[in-house]
Amino acid sequence: MKAILLPLLLSAVLALAASSCEKANLGSSETDPETGVTDGYTVRLNVAQIEQQPIGAGADATAVALGDVCTRVSYIVLNGSGQVYTTKHQAAGSQGFGSLALSLPAGSYRVVTVGHSGAGNLSVETNDKIKFKDNKVTDTYWGTADLTVSGPTDCTLHLQRVTARLCIDITDNMPAQVSQMEFFYTGGSSTLGATTGYGVVNSRQTEVRTVSADMAGRATRFELYTLPHNDTGQLKLTVKALDAQGGTVAQAEYANLPISRNATTTKSVTLFTATPPDGGDEADLTLGLSTTPDDSPISRCY
């Protein structure tokens, strides 16, 4: 009779776990040297390959490894009450980037995973607000997984892109006296909702890009990122070209730039020659699905 009841009991426990998480071979509990948990079970988290949808109707998605698109990843573990239990960070180049083993007591949890390429680790301001270092948003990937821990557990984490990318194509030649480009934009967020994957703050984002000597005399492209609040958002953008003393060489404003998660909006700008009073013809505005990694070099944008 016991031989019949044991498999049924194990099946019931498995049914309570998230679909992407499963119990490993049962073993004794252990102590985590970082958290000090003495009655925990080993939980192994593994980030799966990330699918990116390239531009073009009918184009196939491209699966890429986490390290191909992100230089940092954070694992935020929420307990059954939705409170932050622990947060772990990894940087590209470290052993096991994209895989993590930690010890958790028996119970129910949600794991929020965020991959990005910021200058430092993210922080959890509140239980549902994730902030990036210096409020700078890079291409960001996010996912959640629910798991019930009653023994050693393996969990595969699936991430999706949650940023919108804005490409500014300056079509006329860059003047030699321009040393910096300044981009100020509103309508998006620099803070991520941990459990929603959308922006949760009405941010005033500013990005400054250095103009190198080899950019002078030719057209240039600049790439910006934001976290949309929904899938029908719009940005308002001010573009300034600055000289070495911080003086404004040229300036233009653009409104109603459509954004959504996992999408690229491209705006062609004529900045240094005659520009229509309204900031340009909206016919030159295109919105498309995000590009492939080769066409969208994430790490080289910052």
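Scroll up for the structure.
These notes cover the structure that comes with them. (Residues numbered from 1 in each chain as written. Predicted model: local features only at pLDDT ≥ 70, side-chain atom pairs only at ≥ 80, totals over all residues. Heavy atoms only, no water.)

What to know about the pattern of salt bridges
Two side chains carrying opposite charge are able to pair once their charged atoms lie near each other.
Then, number 1: Applying the stated criterion to the full structure yields 6 salt bridges.
Then, number 2: Note that Glu 223 and Arg 165 form a salt bridge whose closest N and O atoms lie 3.5 Å from each other. With Glu 223 in strand E18 (residues 220-226) and Arg 165 in strand E14 (residues 164-170), the pair connects residues that are 58 residues apart, well separated along the chain.
Then, number 3: Looking at Glu 223, the relative accessible area reads 11%, which means it is buried. (Salt bridge = Lys/Arg side-chain N within 4 Å of Asp/Glu carboxyl O. Helix = DSSP H or I, 4+ residues; strand = E, 2+ residues; numbered from the N terminus. Buried < 20%, exposed > 50% of the residue type's maximum accessible area, 1.4 Å probe, protein only.)

A closer look at the sheet that holds strand E9 (residues 123-126)
Then, number 1: Reading across the sheet, the 3 strands line up as E9-E10-E16 and stay open at both edges, with antiparallel pairing between neighbours. Among the strands making up the open sheet, the edge pair consists of E9 and strand E16 (191-193). Mean inter-strand twist for the sheet, computed between neighbouring axes without regard to direction, equals 35°.
Then, number 2: The pairing of strand E10 (residues 129-131) with E16 spans 3 bridges and is antiparallel. Its bridge partner being in E16, Lys 129 is matched across the sheet by Gly 193. (Pairing = 2+ DSSP bridges. Axes fitted to C-alpha atoms, helices over the stretch in contact; angles between N-to-C directions.)

A look at the sheet that holds strand E5 (residues 72-78)
Then, number 1: Taken together, 5 strands build an open sheet; the order of strands is E6-E5-E8-E11-E13 and the sheet is antiparallel. Edge positions in the sheet fall to strand E6 (84-91) and strand E13 (160-161), since each has one partner strand and no second.
Then, number 2: Pairing analysis gives 2 bridges linking strand E11 (residues 141-149) to E13, with the strands arranged antiparallel. Looking at E13, one finds that Tyr 141 is bridged to Arg 161.

Comments concerning the packing of aromatic side chains
Then, number 1: This structure, assessed with the given rule, holds 2 aromatic pairs.
Then, number 2: With centroids separated by 5.9 Å and ring planes inclined at 70°, the aromatic side chains of Tyr 85 and Tyr 109 adopt a geometry described as edge-to-face. Residue Tyr 85 is located in strand E6, and its partner Tyr 109 is located in strand E8 (residues 107-116); the two are separated by 24 residues in the primary sequence.
Then, number 3: Classification of Tyr 85 by relative accessible area gives partly exposed; the value is 32%.
Then, number 4: Ring geometry for Phe 183 versus Phe 222: centroids 5.4 Å apart, planes at 50°, classification tilted. Highlighted residues: Phe 183 in strand E15 (residues 180-186) and Phe 222 in strand E18, separated in sequence by 39 residues. For the pair formed by Phe 183 and Phe 222, the shared burial category is buried.
Then, number 5: Positioned above the aromatic ring of Tyr 198 is the side chain of Arg 261, whose terminal nitrogen or guanidinium carbon lies 3.9 Å from the ring centre. (Phe/Tyr/Trp six-rings, centres within 6.5 Å; stacked < 30°, edge-to-face > 60°. Lys NZ or Arg CZ within 6 Å of the ring centre and 35° of its normal.)

A closer look at unusual backbone geometry
Then, number 1: At Asn 135, a position not held by glycine, the phi torsion is positive, near 60°.
Then, number 2: By secondary structure assignment, the location of Asn 135 is in the loop between E10 and E11.
Then, number 3: The class for Asn 135 is partly exposed, based on a relative accessible area of 37%.
Then, number 4: One non-glycine residue, Asn 262, lies in the positive phi region at around 60°.
Then, number 5: With respect to the helices and strands, the residue Asn 262 is situated in the loop between strand E20 (248-259) and strand E21 (263-269).
Then, number 6: Since its relative accessible area comes to 22%, Asn 262 is described here as partly exposed.

Remember, this is a structural readout, not a statement about activity or role.
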